[in-house]
Amino acid sequence: MQIGTTLPNLHLFQPKGVNFKCNAQTVKTISSSTEMTKKHISNLEKLLQKTNPIDSSNPVIEQSSNRSIENRRKNLLEGLNLANIWPDEMRKAAEDMSPRHLNRLKRLLSSKSMEYSPRNNLANRWREYHGSNNWLGLLDPLDENLRRELVRYGEFIQSAYHCFHSDPATSADEVLPERHVALPDRSYKVTKSLYATSSIGLPKWVDDVAPDLGWMTQRSSWIGYVAVCDDRSEIQRMGRRDIVIALRGTATCLEWAENFRDLLVEQNDNDDDNDEGVVQSKVECGFLSLYKTGDHRVPSLAESVVNEVQRLIEKYKGEPLSITVTGHSLGAALSLLVADDLSTCVPNAPPVAVFSFGGPRVGNRGFADRLNDNNVKVLRIVNNQDVITRVPGMFVSESLDKKLRESGAGRVLEMLDCRMPWAYSHVGTEFRVDTKMSPFLKPNADVACCHDLEAYLHLVDGFTASNCPFRPNAKRSLVRLLNEQRSNFKRLYTSKGKDLTINLDREHNFPRSSCLPSPSS
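The shown structure was predicted, so the numbers you read here are calculated from the model rather than taken from an experiment.

## Re the nonpolar core
If you look at the biggest cluster of nonpolar residues, it comprises 56 residues, and the most contacted ones within it are Tyr188, Tyr225 and Phe431. Ala196, Ala302, Leu312 and Leu337 belong to the second-largest nonpolar core, a separate cluster that totals 42 residues.

## Re the packing of helix α12 (residues 301-315) against helix α13 (residues 330-345)
The geometry of α12 relative to α13 is characterised by a closest axis approach of 10 Å and an angle of 50° between their N-to-C directions. With respect to α13, the element α12 is oriented oblique. You can see that α12 and α13 cross each other, and the crossing is right-handed. On α13, the residues touching Leu301, Ala302, Val305, Val306, Val309 and Gln310 of α12 are Leu334, Val338, Asp341, Leu342 and Cys345. The residue inventory of the contact of α12 with α13, partitioned by class, reads nine nonpolar, one polar and one charged.

## Examining the packing of aromatic side chains
Working definition: an aromatic ring pair is given by the centre-to-centre distance plus the angle between the planes. Using the criterion set out here, one finds eight aromatic pairs in the structure. Ring plane angle 85° and centroid distance 6.5 Å describe the contact between Phe357 and Tyr456, whose orientation is recorded as edge-to-face. Of the two residues, Phe357 sits in strand β7 (residues 352-357) while Tyr456 sits in helix α18 (residues 453-462), which places them 99 residues apart along the sequence. The burial state of Phe357 is the same as that of Tyr456; both residues are buried. Here the aromatic residues Trp135, Tyr153, Phe156, Tyr188 and Phe355 are joined through ring pairs into a cluster of three or more. Here Arg152 stacks its cationic end above the ring of Tyr153, 4.9 Å away from the centre of that ring. When the ring centre of Tyr316 is taken as reference, the NZ or CZ atom of Arg241 above it lies at 3.9 Å.

## Quick word on the packing of α13 against helix α14 (residues 365-373)
It is the contact of α13 with α14, at a shortest axis distance of 10 Å, that shows an interaxial angle of 45°. Viewed along their axes, α13 and α14 adopt a mutual orientation that is oblique. Seen from above, α13 lies across α14 with left-handed handedness. Between α13, through Leu336, Leu337, Asp340 and Thr344, and α14, the contact on the second element is made entirely by Phe367, Arg370 and Leu371. Taken together, the residues of the contact of α13 with α14 sort by class into four nonpolar, one polar and two charged.

## Points about the sheet that holds β7
Taking strand neighbours across the sheet as the criterion, the seven strands line up as β1-β2-β3-β6-β7-β8-β9 in an open arrangement whose pairing is mixed. Two strands close off the open sheet at either side, each with one partner strand: β1 (188-199) and β9 (429-433). Adjacent strand axes in the sheet meet at a mean angle of 20°, parallel and antiparallel pairs treated alike. Examined bridge by bridge, β7 and strand β8 (residues 377-383) share five bridges and lie parallel to one another. Its bridge partner being in β8, Ser356 is matched across the sheet by Arg380. Of the strands in this sheet, β1, β2 (218-229), β3 (241-247), β6 (321-328), β7, β8 and β9 touch helix α6 (residues 144-166), which is tilted by about 140° from β2.

The rules behind these values
Residues numbered from 1 in each chain as written. Predicted model: local features only at pLDDT ≥ 70, side-chain atom pairs only at ≥ 80, totals over all residues. Heavy atoms only, no water. Core = buried A, V, L, I, M, F, W, Y, C linked by side-chain atoms within 4.5 Å. Buried < 20%, exposed > 50% of the residue type's maximum accessible area, 1.4 Å probe, protein only. Axes fitted to C-alpha atoms, helices over the stretch in contact; angles between N-to-C directions. Helix = DSSP H or I, 4+ residues; strand = E, 2+ residues; numbered from the N terminus. Parallel < 35°, antiparallel > 145°, perpendicular 65-115°, else oblique. Left-handed = near helix turned anticlockwise from the far one by under 90°. Contact = heavy atoms within 4.5 Å. Nonpolar A, V, L, I, M, F, W, Y, C, P; charged D, E, K, R; others polar. Phe/Tyr/Trp six-rings, centres within 6.5 Å; stacked < 30°, edge-to-face > 60°. Lys NZ or Arg CZ within 6 Å of the ring centre and 35° of its normal. Pairing = 2+ DSSP bridges.

Remember, this is a structural readout, not a statement about activity or role.
What follows is the structure, encoded as C-alpha cells:
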C-alpha cells in the first residue's frame, strides 16, 4: 500500500492570494473532499488497530499473532521515518527525555532494582574461570560469566569496607572480637576475622622519650575476613566449594604511613632464591610489615589466614576446593602476599587465584617469577586513569618493560632487578578498563574517582570489549557511585537524578568513619 494514495486531493490547497468564488459547486467539492479525508483516516485507523480473530484456547497462537501485529505496526511507523524531520540536536534531546530513556535511568538510580547477570552453571568450566588458562579468550570481549564473577568478588571487598567503617576504632587493650559481616552472597558464611598490624618502626629513642605514643607507631585494625561457600546448590553450580579471603584497602593513618615505606626487602623464607642466575624475591617493606607483624592480642595476618585455610581444607577434605583471594588497593597488594604464603605453606593446597582491583606493584621480578612457579593465578583489574596501579617504582608501563626486555636491553634490566631498591614489577594477567568509556562519569574524573572500588565495578559491569562502547544494558545500580562521586558525574545525569525525585542522601546514608577514609568509602 502506498502512503500517497491515502492523502487528500492536493489541488484543493490553492496558492495564497487566489480569489475563491464561494458557489454551490465549490462547497460541494470541499464537502466531498472532507468526506474522502475522513474515509482515508478511518482506513488508516483500521490498518493500525485491526486484529484478526484468535483462538483463545491456544495461547501460543495468540502470543504469536500479537507479536505479528505489533511488528506490523512498528514497521509501518518506522517506514514513515518521522525522526528525520527533526534537527540532530532536537532528536538527541527527545531521545534523552523519552519515557524509555528516563525509565532506564530511574532503574539504574534505584538500589531497589539492583540486577545481576544470570547465574549460569560453571561446574564444567570453573577452573577456566578461576584462571587455569590465565583467562585466555575471556577478557576481550569480556565473558558474561566472568563479568558476574568479578563483580561478585568485588562486592565481597565492599562488605569488608562497610564492616570496618561501621566500627573502625580499636583500643590498645581490648580483645579484638569476631565481627559480623553482611555478605552480599548469602551462600557464603564468614569463618574468621582478619587483622593487620601497622608498625612504622620509629627509632627506639622515641619510645624511650614518649612511651605513651605507642599508639602512633603500632595499631591492629580489622582488615578483612575468610568466608566459605556453605550452600549445597551453589556448590553444585560452581563445581566446587569456594574459600574466599577478602581484604579492604588503606583506611588508617598508620596504614598510609606503611604504604610509603616503598623500599624492596627480602622475604624471610627465600631458601630457593640463592641459586646463581635467579633473581632474589623481594617485596615492599610496608606491605610485608603489615602482613607479618602481630601484637599481644592477635596473631599476624599471615599466621591467621594460613591457619584458618588449613583448618577449612582439613574440614572439607575430599571435596573439590578452590581458594580465591580478592582485594582492593592495599588489600590487592596483601592478596598477593596471602596467595604466595598459601601456595607454599599449605600442603596440597587447592587452586589459588587472586582477583585484585586497583592494586599497586608489590615486589620485584623475582617475586613475580615465584608466584608463577607456584602456579598462583592473578587477574589484575586496572583502570587506565588510576595512578595507584603505576606505583611504587619507576613510572614504566608493563608493555614498554616487556619490549625493553625482549630487546638488547634485557641483560641491563635484569642487573637492575637484582640491585635497584625500586625495581618493581607487576604480576599476572591484566584486565584494563577506562573511566572515559563510561557515559555517566566525566572523562576528567579525579584521582579518587578513578581509584574508587564502586567505580571499578561500574566499569567492569559496562565493559564489552576494548574496541566497543559501554554496553547499553548494564545492570548495576548507579546509586552508590552517584552518592560517593557526585562531583565526577556528568551534569546531565546529576540533574536528571534530581528530576526523578530520588533523595540519595536520605535513602542511602552509608555509615562514615571518623578516621581517615579509604579511597572506596
